[in-house]
Amino acid sequence: MSHWDKLEKLNKNKNIGRHSDLEKKVKDIQKVIQDPDPWNINIASREYVERLEKRIEELERIVQEKFDGSKKRTKLE
């Protein structure tokens, strides 16, 4: 076996491994993009962010109501 044959054999093995690794990475990235929440990768889906915004707005409303109520009570006292 010549040196050239050995190099070709090494090159073929690397290409096969690279393609399977690349395909796996692409599939994993596709999964993460489709549904990022379970992967915990510091990106959030639009739906998740919208739910958080609604919760924050509701909490702000509740705090504002309690704050306004406490002002009224102190004025009456």
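This text goes with the structure placed above it.
Residues numbered from 1 in each chain as written. Predicted model: local features only at pLDDT ≥ 70, side-chain atom pairs only at ≥ 80, totals over all residues. Heavy atoms only, no water.

1. Observations concerning the overall build of the protein chain
And step 1. Within the protein chain, the regular secondary structure consists of 2 helices and 0 strands.
And step 2. The buried share of the protein chain, taken over its 77 residues, is 4%.
And step 3. A total accessible area of about 7800 Å² is found for the protein chain, and carbon and sulfur atoms account for 56% of it. (Helix = DSSP H or I, 4+ residues; strand = E, 2+ residues; numbered from the N terminus. Buried < 20%, exposed > 50% of the residue type's maximum accessible area, 1.4 Å probe, protein only. Areas by Shrake-Rupley, 256 points an atom, 1.4 Å probe, with all protein chains shown as cover.)

2. Things to note about the pattern of salt bridges
Opposite charge on two side chains permits pairing when their charged atoms draw close.
And step 1. Taken as a whole and judged by the stated rule, the model has 3 salt bridges.
And step 2. Across the salt bridge formed by lysine 24 and aspartate 28, the nearest N and O atoms sit 3.1 Å from each other. One end of the pair, lysine 24, and the other, aspartate 28, are both in helix α1 (residues 3-34), 4 residues apart, so they sit about a helical turn from each other.
And step 3. Its salt-bridge partner being glutamate 58, residue arginine 61 comes within 2.3 Å of it at the nearest N-O pair. (Salt bridge = Lys/Arg side-chain N within 4 Å of Asp/Glu carboxyl O.)

3. Focus on a negative patch on the surface
And step 1. A surface patch of like charges, here negative, comprises Asp35, Asp37, Glu47, Glu50, Glu53, Glu57 and Glu60.
And step 2. For aspartate 37, the location among the structural elements is in the loop between α1 and α2 (46-76).
And step 3. Overall, aspartate 37 belongs to the partly exposed group, its relative accessible area being 33%. (Patch = residues over 30% accessible without salt bridge, like charges linked within 9 Å, V, L, I, M, F, W, Y side chains within 5 Å. Lys, Arg positive; Asp, Glu negative; His and termini not counted. Charge placed at Lys NZ, Arg CZ, Asp CG, Glu CD.)

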